[in-house]
Amino acid sequence: MITVIGITADNLVHTDIDLDATDLSAYKWIWADFNEPSPSEVKYLEKTFHFHPLAIEDCLQILQRPKLDYYDDYTFYVTHHVREEGRDLFKEELDFFVSEKLIVTFQLAHSKEVAYVQKQLLTQHNAENWDPYFIFYRILDQIVDNYFPLIHDIEDRLAQLEEDNLNKTTAAFIPELMESRHLLLGLMQTVNPMRDLLYRMLNSQHLEGVRKRRSYFSDIHDDLLKVSEMITSNREVTTDMRDSYLSLNSHQTNNVMKVLTIITSIFSPLTLIAGIYGMNFEHMPELTWKYGYFLAIGLMFGIGLAMYRWFKKNGWF
Amino acid sequence: MITVIGITADNLVHTDIDLDATDLSAYKWIWADFNEPSPSEVKYLEKTFHFHPLAIEDCLQILQRPKLDYYDDYTFYVTHHVREEGRDLFKEELDFFVSEKLIVTFQLAHSKEVAYVQKQLLTQHNAENWDPYFIFYRILDQIVDNYFPLIHDIEDRLAQLEEDNLNKTTAAFIPELMESRHLLLGLMQTVNPMRDLLYRMLNSQHLEGVRKRRSYFSDIHDDLLKVSEMITSNREVTTDMRDSYLSLNSHQTNNVMKVLTIITSIFSPLTLIAGIYGMNFEHMPELTWKYGYFLAIGLMFGIGLAMYRWFKKNGWF
Amino acid sequence: MITVIGITADNLVHTDIDLDATDLSAYKWIWADFNEPSPSEVKYLEKTFHFHPLAIEDCLQILQRPKLDYYDDYTFYVTHHVREEGRDLFKEELDFFVSEKLIVTFQLAHSKEVAYVQKQLLTQHNAENWDPYFIFYRILDQIVDNYFPLIHDIEDRLAQLEEDNLNKTTAAFIPELMESRHLLLGLMQTVNPMRDLLYRMLNSQHLEGVRKRRSYFSDIHDDLLKVSEMITSNREVTTDMRDSYLSLNSHQTNNVMKVLTIITSIFSPLTLIAGIYGMNFEHMPELTWKYGYFLAIGLMFGIGLAMYRWFKKNGWF
Amino acid sequence: MITVIGITADNLVHTDIDLDATDLSAYKWIWADFNEPSPSEVKYLEKTFHFHPLAIEDCLQILQRPKLDYYDDYTFYVTHHVREEGRDLFKEELDFFVSEKLIVTFQLAHSKEVAYVQKQLLTQHNAENWDPYFIFYRILDQIVDNYFPLIHDIEDRLAQLEEDNLNKTTAAFIPELMESRHLLLGLMQTVNPMRDLLYRMLNSQHLEGVRKRRSYFSDIHDDLLKVSEMITSNREVTTDMRDSYLSLNSHQTNNVMKVLTIITSIFSPLTLIAGIYGMNFEHMPELTWKYGYFLAIGLMFGIGLAMYRWFKKNGWF
Amino acid sequence: MITVIGITADNLVHTDIDLDATDLSAYKWIWADFNEPSPSEVKYLEKTFHFHPLAIEDCLQILQRPKLDYYDDYTFYVTHHVREEGRDLFKEELDFFVSEKLIVTFQLAHSKEVAYVQKQLLTQHNAENWDPYFIFYRILDQIVDNYFPLIHDIEDRLAQLEEDNLNKTTAAFIPELMESRHLLLGLMQTVNPMRDLLYRMLNSQHLEGVRKRRSYFSDIHDDLLKVSEMITSNREVTTDMRDSYLSLNSHQTNNVMKVLTIITSIFSPLTLIAGIYGMNFEHMPELTWKYGYFLAIGLMFGIGLAMYRWFKKNGWF
Ligand SMILES: [Mg+2]
Ligand SMILES: [Mg+2]
Ligand SMILES: [Mg+2]
Ligand SMILES: [Mg+2]
Ligand SMILES: [Mg+2]
Ligand SMILES: [Mg+2]
Ligand SMILES: [Mg+2]
Ligand SMILES: [Mg+2]
Ligand SMILES: [Mg+2]
Ligand SMILES: [Mg+2]
Ligand SMILES: [Mg+2]
Ligand SMILES: [Mg+2]
Ligand SMILES: [Mg+2]
Ligand SMILES: [Mg+2]
Ligand SMILES: [Mg+2]
Ligand SMILES: [Mg+2]
Ligand SMILES: [Mg+2]
Ligand SMILES: [Mg+2]
Ligand SMILES: [Mg+2]
Ligand SMILES: [Mg+2]
Ligand SMILES: [Mg+2]
Ligand SMILES: [Mg+2]
Ligand SMILES: [Mg+2]
Ligand SMILES: [Mg+2]
Ligand SMILES: [Mg+2]
Ligand SMILES: [Mg+2]
Ligand SMILES: [Mg+2]
Ligand SMILES: [Mg+2]
Ligand SMILES: [Mg+2]
Ligand SMILES: [Mg+2]
Ligand SMILES: [Mg+2]
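Residues numbered from 1 in each chain as written. Chains lettered and ligands numbered in written order. Predicted model: local features only at pLDDT ≥ 70, side-chain atom pairs only at ≥ 80, totals over all residues. Heavy atoms only, no water.

Where an unreviewed UniProt entry is consulted, chain A appears under the name Magnesium transport protein CorA, with the organism given as Trichococcus flocculiformis. Note on chain A: under the UniProt heading Catalytic activity (unreviewed entry), the record states "Mg(2+)(in) = Mg(2+)(out)". Annotation of chain A in UniProt includes, under Sequence similarities (unreviewed entry), the sentence "Belongs to the CorA metal ion transporter (MIT) (TC 1.A.35) family." (UniProt positions renumbered as here; feature names shortened; annotations may be inferred.)

Right, dumping it as structure tokens:
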């Protein structure tokens, strides 16, 4: 679906624009939004707006890296927004063509951020404050604001996981930790190029529209720096959690094994003694002693106790 | 609470200033301190001082990254101070608006550093030596000086931990080590951006107030470089301590297991011999030998000794 | 084999060119392709085209690093294309000499990318749109497009491997993972220098032919940045998979060992009791008790149960 | 103690200078050395030489990071020298104030390097070749030359450790390795900032005294680059040694455990057979066979041999 | 030994030059080679050539870092060549003083590269093509070409090692791997500074002799980049090999231990049963049953089978 909004010189908002019929140059500026467009709708990118074939190709290619390309009359931006579904993270691409008099948003997959800003423009009745770069700023701000709940979510899961496993050694710990790590990696692959894109925009000589609203785009850049740092630090936390878990787990297992092996060790010589006096030799003097049996039992008890004490003294358990 | 201090042209210190009524422009310079302000007090940021909405938003947002933003008439700074409570580290934000004639400090959570410097200004009776950038320097210096006890504290805990565990293999070692590591990570996330902020201030073309007191701000930068290095080096130390602990622990466990398993191994054949002569076959010639029993005992002793010697020779324990 | 294609001033495509006889300067531009040339064919590089000996040496040397060298009348490029055979990756070198009026492609091993572009030039009948740098762009684009299936292939193998081994601990897992890691390392060694080469081309002051088609070469650079990131991220994934596998595997093995050792431990004292009452002492009062046997069995059962419960209570299995 | 040396215009060396009484400006240049000064001696830094309070504070603060600060009439340097005592490394700070006509050395803890250079100046009778920056160079050169024996010492210890442990698995290996690693870390924390300080001195626009003797200071920088590389490379060596040791140790322990467990496994079924024929059932036909006993022994031998061969065939030991 | 070669204005090659007697300025250019010079020969560096004391000191110091130093009339270069002896790598230093009319080569240990180039100059009878910087290039080219067989050697050893150990777990694997890693580290410490030296030479403003032969020195730089990358990548390979080996080894050991422990576990209850019926109680009803013995054997067989099946079902072996 293509939604075209035109702002007249009197700051009136027109939404009844037909790309084939309406004279776009009559407007102060235009916002054309391609929302999950059909192949025939995609053609307007070239037919009406005369965008460069390489930029159009980038729109249709899945998940380009965030970037900006300068063309003669406009700048082309590739950005990523992120959407969580269940416990999985989906990255989607949102492309922009921006000039003084035109902004084209191209969503291969629906972006709630575009819809939100569109609704604001149509309902706030203050079109005189808006222009293409302000729309671009508002959508970017929405996208970046939406990174925060995702990273907070992961932080909560990690905190929960840490608490749950304080004294337990469950098989589920490592896979859950790895899943959080996987989400962090996925988020990082979107956030870091976005951060670099904003940095490049803020330092570009050619983007008058950004320069005029520098504080605003710089505010987005701040947020991206913050998210990027939170991701890095949370990845460090997962590494520490895994190392801590593994060493505790191995410590506990080793202790159990030691105790069990000690039990077996202590009974080895005792069983041998019992076996010896169970032998059927004809001449075994001890067997006829009156207190032979009790001496044998006492010997076993003595050996067992001595071994136990020796192990204890050596700090083996 | 808002505390406003005005310095007159004669270097008199006025504290009876009402933001709604007093003519601020009559003063040589002003220090307005917002200490855990109520929502209605926050409004003065815009009403009286006309600060930019994005900067005010940054004040209210929790834990922005340390940074500086240039605005037309003032510079806006976000900084972090740190507070230890029990064994936990709390990072708090402290924001500054600084110009030639005005300094506004904004503490969402109370900062003892601001209170300390305020008291000095009011009690030292040397207002002629102070100005907004000097106040800014004094507070920053306090903040950074307060990082040192924290890092020394962690160093002491690590040293204590190392000593305590020289010969012990306690389950508490790894969690305590990880806690120190966690504190170091938290501190690093505050110190490194602070260091970068100071670096940027020292190299800025636009901060006349910093340039004039370069030695002072450079002194703070030195301290931040030092703290940052101490953190990095202590993190390396924790890694080494963990590796060392784990390998020693595993070495010791392995040794214990080897000894125990050797005991069990040695008794295996002896128990078999006892079992053999405990069998009830009718025709077992050895059973009728006069010295059969003693030969059997001797055989056991011989086998046990041979195995012991062989294990010893192989260096197995 | 050497294939020479000449484009006349009228954009006619001549393919009947003999390097010894034809006057090359009569053409608007020339494409000479050396495809697995014989030693005598290699000589034309010097005889006809007068290329620098160091560049010719680089052509013949196996697998130079991707790079560009400026010479007075032409630029010399070393690039890598990649070919998968079975489960193995083969890197091959493809060299270019490019100037305004000449492109020489030198393939020590056959490149399907060159063949593909050659066929397009000969069949599309639009020679007026082509020139040496456009040919260079087309071949590079093919080479880089061919990196994507390789990395997608590795991603599929990793996904397959992850799924296959969710609950299994097969000996094949680690070697297969390491093989994917090995392929990623190999690919990275080609992709990263190619990315750096394109970066250098885009930022060179001396490459008019690249500057005129900047959008096109920049599009290739985008793809290389993307592939390079995919490789890095997949390498991180393999590390995480290995760590996750190893810790799960060790967790499972430890659990099995614990259960088995517990079994052995529990039977140790029971076997001792049986051994004791199998001793042949003359005076063993219990042996004559009416319910001695049943008491002994009961004692064994009681001890076994007590140990089982104690182990269970301690959370040992 | 303060030692003041004055060089007259005639290159005479005066050592009888009283900071309170003598007119320092009468000398061509002055070297004042503060060696473990008392608090009252420290006051001369301000009273006589009028140094900046921040620089004096840096002198008294323990172990600042190596650095240089430009002041109007002099440059202030913080450097580190290192002293080995037993097996421990002590870092000490040595501070310099240097100008054309003055060098002040400030040693909170005694530096043998300063004493050495002082003695040379007093005994070589060639004062015409000396000046403040040459003294500064001589002391720095001594400090850096003294790093080499320390790093060589650590290299020797590592080599010794490697040799000692070729076939042994002693508990002392890891702690000794970690101690060397700890020393390397400590040395690195001094050497790297010193290297950066020299780099900054060599590239400064404001240090005429260094510029004039560039080859000399550059020679010190070379040495620092070399030491820094040696440290990095030795740290890599310790990592490799630890990994190698741990894997060999674990390999050996595993082998021992396998052999021991194999012994226990082989005797399990044999002991069962002996136990079976030791049962007291009235009807056990084998017991009355003439060769029953020998058949049982043969069966045990056969089973033991079969298990041994099967384990051997599987390569289990 | 000092070998001096002088080229006359007529491109005649003189080798009968006496440093004490001959007038060196009569030659177009001179090559003086110090090959393992005696202390008295070293003196000519100062006496005849007037080189700077710091440069001479660098010649005599063992194994300086590769570098270049500009002096007024000449440039001083420190380079490393490498020599393999048995399985060990020896780094040797080769120093150069180069100007328009003079090249001095200084070999503390004999360099076959210098000898090779010297022979070429003396036998090729084309002195008109040579000059000091061309000699410098030729020797450097030899040195760098000699790095390749070393790294190929290590690659072969690694490939051999990987093949040998596909199914074996020998104790020799880790030490051999570590030795290769050690060689790679050693090689890296020579190659990387050499690469940086060539980079600095290519980008220097002061080296006319390099600028004129830029393609040649750039060709050496290419090779160094390549070797450096090969080293890095081979180090990654060794890390992967070690991780792969260790995990396979531990996997295999764990499996063996599991099987052995299972055997012991299964026989524990069976041995208990045998022990029970070997007890000598007077009243044990089962002992008098006609089929008691066979029931007991059957019970043992049943328990053994049940345990085997349960372990199998749980996937424990
Ligand atoms: Mg796209
Ligand atoms: Mg925002
Ligand atoms: Mg927002
Ligand atoms: Mg996944
Ligand atoms: Mg903000
Ligand atoms: Mg904001
Ligand atoms: Mg805030
Ligand atoms: Mg301070
Ligand atoms: Mg202070
Ligand atoms: Mg936390
Ligand atoms: Mg925590
Ligand atoms: Mg200071
Ligand atoms: Mg200070
Ligand atoms: Mg080649
Ligand atoms: Mg492409
Ligand atoms: Mg393509
Ligand atoms: Mg593209
Ligand atoms: Mg494309
Ligand atoms: Mg100090
Ligand atoms: Mg020196
Ligand atoms: Mg010296
Ligand atoms: Mg060695
Ligand atoms: Mg220590
Ligand atoms: Mg030197
Ligand atoms: Mg020296
Ligand atoms: Mg030397
Ligand atoms: Mg070469
Ligand atoms: Mg060569
Ligand atoms: Mg391979
Ligand atoms: Mg080459
Ligand atoms: Mg070459």
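Engineer: What am I meant to see in the coordination of the magnesium ion (ligand 14) here?
Structural biologist: Octahedral metals with six donors have ideal donor angles of 90 or 180 degrees. Tetrahedral metals with four donors have an ideal donor angle of 109.5 degrees. All names here are of chain C. Ligation of the magnesium ion (ligand 14) by protein atoms is provided by Asp-58 (O), Gln-61 (O), Glu-93 (OE) and Glu-93 (OE), these donors lying 2.3 to 2.7 Å from the ion. In terms of primary sequence, the donors binding the magnesium ion (ligand 14) are separated according to D-x2-Q-x31-E. Placement of Asp-58 in helix α3 (residues 53-60) and of Glu-93 in strand β6 (residues 88-98) is noted, with a sequence separation of 35 residues between them. Judged by its relative accessible area of 1%, Asp-58 falls in the buried class. Classification of Glu-93 by relative accessible area gives buried; the value is 6%. (Donors = N, O, S within 2.8 Å, 3.2 Å for Na, K, Ca; no water. Helix = DSSP H or I, 4+ residues; strand = E, 2+ residues; numbered from the N terminus. Buried < 20%, exposed > 50% of the residue type's maximum accessible area, 1.4 Å probe, protein only.)

Engineer: Looking at this model, I keep getting lost on empty space enclosed by the protein. Mind explaining?
Structural biologist: Rolled over the atoms, a probe sized like a water molecule indicates the empty space that remains. All names here are of chain C. Evaluated as defined, the whole model comprises one cavity of 30 Å³ or more. Of the voids in this model, the largest cavity is the one considered here, and its volume is about 40 Å³. Put simply, the parts of the chain that give the lining of the largest cavity at least two residues each are α7 (173-202) and α8 (208-212). Partitioning the lining of the largest cavity into residue classes produces four nonpolar, one polar and two charged. (1 Å grid on protein atoms, 1.4 Å probe; cavity = no way out; pocket = protein on both sides within 12 Å on 5 of 7 lines; lining within 4 Å. Points joined across faces, edges and corners; volume = space filled by probe spheres on them. Nonpolar A, V, L, I, M, F, W, Y, C, P; charged D, E, K, R; others polar.)

Engineer: Is there a simple way to think about the confidence of the model for chain A in this case?
Structural biologist: Atomic detail in the predicted coordinates should be set aside for any region of low pLDDT. With 97% of its residues at a pLDDT of 70 or more, chain A shows a mean pLDDT of 89. If you check the scores for this complex, the pTM reads 0.78 and the ipTM reads 0.75. (pLDDT = per-residue confidence, 0-100.)

Engineer: Mind showing me how you'd approach the packing of helix α5 (residues 132-145) of chain C against helix α6 (residues 147-164) of chain C here?
Structural biologist: Packed helices, taken two at a time, are described by their axes: the angle between them and the distance between them. Residue and element names in this part refer to chain C. One can describe the packing of α5 onto α6 by two numbers: an axis separation of 4 Å at closest approach and a directional angle of 5 degrees. Of the possible angle classes, the one that applies to α5 and α6 is roughly parallel. Facing α5, whose interface residues are Ile-143, Val-144 and Asp-145, α6 presents Tyr-147, Phe-148 and Pro-149. Across the contact of α5 with α6, the residue classes tally to five nonpolar, no polar and one charged. (Axes fitted to C-alpha atoms, helices over the stretch in contact; angles between N-to-C directions. Parallel < 35°, antiparallel > 145°, perpendicular 65-115°, else oblique. Contact = heavy atoms within 4.5 Å.)

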